[in-house]
Amino acid sequence: MKTIRIGMIGLGTVGGGTAAMLEKNRGFINKTANANIVMDKILVRDITKDRPGVSSDLLELLTDNPDDIFLNDDIDIIVEVMGGTEMALTYVKRALNLKKHIVTANKDMMAVHANDLFKLAEKNKTVLLYEASVCAAIPIVEVLKKSLAGNKIHRIMGILNGTTNYILTKMDSEGVEYSEALQDAINKGYAERNPDSDVMGYDPGRKLAILAAIAYNMRVEYDDVYIEGITKIKAEDISYASELGYRIKLIADAKYIDNGVKVHVNPVFMPDTHPLARVDGVYNAIYIESDMAGKIMLYGRGAGADATASAVIGDIIAIAKDICENSIANNGYTLFNERKIIGHKDAVSQFYLRMSVKDSPGVLSKIAGVLGGHNVSIYSVVQEKAHDELAEIVIITHSVVEENMQNSLQEIINLDIVNEIGSVIRVEDEE
Ligand code: NAP
Ligand code: HSE
């Protein structure tokens, strides 16, 4: 049995989980790969750091000298689980140029640099696998690259961030405000080191760019994704959503329209009947609509040491097998479609509007008049008494062009009868 040597960069949550899984399931991992997979060296930032729970065998493999990995001819695969962009990118490029294969969990890097990295991998006849970079345990990258490769993908919608789904679920089930739910998610260790990455929608935006590029065979990058986070969602919105038969979810959505791709991440009123509306807590899910396979939903844990290690180890086994069979495959990353990203202002959607207005005659007709003037037609209206002289109005529109909606909002906010526009949230059409 051939020995395949791994050099790993990072021994944090994911690196620690990967090393532990390799140890725990060593017997059948090696049988499956038909290779003896050995952790050879682990590069970390601070070799003196206290690492409770890490075995003495692993501690012996630690180094803070990158050359111990890069200039070690015995190492076949480099597992990059250090995170960040600049340094990780430098290391991955260096490894590819030294003809080492790469397994990475780094969505920040892949969402921006995938195209260049795949060209470099191809030039060096190496493989770069990145299943762990999107939704950890959910095997979506391989499903899109292989199992659904013959399908025309119409749409990929997903809950791609566990932290925000946990926050929204907690606000819904316990009626708490956003800030309390966020603090709980941080305390439970779900959020990124800078939780803005989760709550502002940047993290799911990166994951969406990675998935859209594979699904639509087109270069799609992080900057192409229109992003809104969940920071403005109030407990009232969650409660109105539930009254009206919806759940609010942070949805990452990539649609194929007019030979182009529209990619956006934003909170959405999902009809209670939609499978994504039922995905709760820290779980992730991805709902795919395609021409032949139809509708598919994948569901599972999108973060954490074990869930992410599962994807990293799967990629290591795939490369180890290929090395042993002398059949290094290509990267399966095809970008044959001309790049066409559809802008957001042309998007069409239903909207939920919550606003506080003066409680006096003629208010509703003034607002309806402005909306109508911009071709925005109303589907339903609810009015509730808020304070002494104010009322709260909730309007759901029919499907309208985004730009028309934004233009009417600019006019509505200047009406003297409008106190505040509380929330504007897109509504997913009933199927
Ligand atoms: P983490 O716990 O912060 O661990 C990072 C590790 O990388 C640490 O061991 C650190 O060394 C090492 N490191 C950082 N900078 C380094 C440098 N310049 N040179 C050498 N080593 C360096 O991070 P993580 O949560 O495991 O995440 C790792 C990657 O996986 C990220 O790209 C992340 O987005 C991705 N990911 C994470 C999850 C998750 O659930 N955590 C899920 C999916 C994907 P020290 O130990 O010495 O500080
Ligand atoms: N903070 C991320 C999440 C971790 O909550 O989904 C995995 O990318």
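Quick look at the structure, then. (Residues numbered from 1 in each chain as written. Chains lettered and ligands numbered in written order. Predicted model: local features only at pLDDT ≥ 70, side-chain atom pairs only at ≥ 80, totals over all residues. Heavy atoms only, no water.)

1. A closer look at the pairing of strand β2 (residues 35–43)
On a regular strand, each side chain points to the face opposite its neighbour's, so the side chains alternate between the two faces of the sheet.
Line of reasoning, step 1. The pairing of strand β1 (residues 2–9) with β2 spans eight bridges and is parallel. If you follow R5 over to β2, its bridge partner there is V38.
Line of reasoning, step 2. Note: β2 against strand β3 (residues 62–63), two bridges, orientation parallel. By the bridge assignment, I42 is partnered in β3 with L62. (Pairing = 2+ DSSP bridges. Helix = DSSP H or I, 4+ residues; strand = E, 2+ residues; numbered from the N terminus.)

2. Points about the packing of aromatic side chains
Line of reasoning, step 1. What the rule picks out here adds up to seven aromatic pairs.
Line of reasoning, step 2. Between the aromatic rings of F70 and Y91, the centroid separation amounts to 5.3 Å while the plane-to-plane angle is 35°, which identifies the pairing as tilted. One end of the pair, F70, is in helix α4 (residues 67–70); the other, Y91, is in helix α5 (residues 86–97), and 21 residues separate them in sequence. In this pair, the class of F70 matches that of Y91, namely buried.
Line of reasoning, step 3. Summarising the aromatic geometry, the rings of Y283 and Y299 are spaced 4.9 Å apart at their centres and angled 5° between planes, so their arrangement reads as stacked. Residue Y283 is found in strand β11 (residues 283–290), and its partner Y299 is found in strand β12 (residues 294–301); the two are separated by 16 residues along the sequence.
Line of reasoning, step 4. In this structure Y283 comes out as partly exposed when scored by relative accessible area, which is 32%.
Line of reasoning, step 5. Taking the relative accessible area as the measure of exposure, Y299 reaches 48% and is therefore partly exposed.
Line of reasoning, step 6. Among the aromatic side chains, those forming a connected cluster through ring pairs are Y246, F269 and Y352.
Line of reasoning, step 7. The ring of Y222 has R206 lying over it, and the distance from NZ or CZ to the ring centre is 4.8 Å. (Phe/Tyr/Trp six-rings, centres within 6.5 Å; stacked < 30°, edge-to-face > 60°. Buried < 20%, exposed > 50% of the residue type's maximum accessible area, 1.4 Å probe, protein only. Lys NZ or Arg CZ within 6 Å of the ring centre and 35° of its normal.)

3. Topic: the packing of helix α8 (residues 162–174) against helix α9 (residues 178–187)
Line of reasoning, step 1. At a minimum axis distance of 9 Å, the contact between α8 and α9 shows a crossing angle of 130°. Judged by the angle between their axes, α8 and α9 are oblique. Here α8 and α9 pass one another in a crossing that is right-handed. Contacts from T163, Y166, I167, K170 and M171 in α8 reach Y178, A181, L182, D184 and A185 in α9.
Line of reasoning, step 2. Class assignment of the residues belonging to the contact of α8 with α9 gives a composition of seven nonpolar, one polar and two charged. (Axes fitted to C-alpha atoms, helices over the stretch in contact; angles between N-to-C directions. Parallel < 35°, antiparallel > 145°, perpendicular 65-115°, else oblique. Left-handed = near helix turned anticlockwise from the far one by under 90°. Contact = heavy atoms within 4.5 Å. Nonpolar A, V, L, I, M, F, W, Y, C, P; charged D, E, K, R; others polar.)

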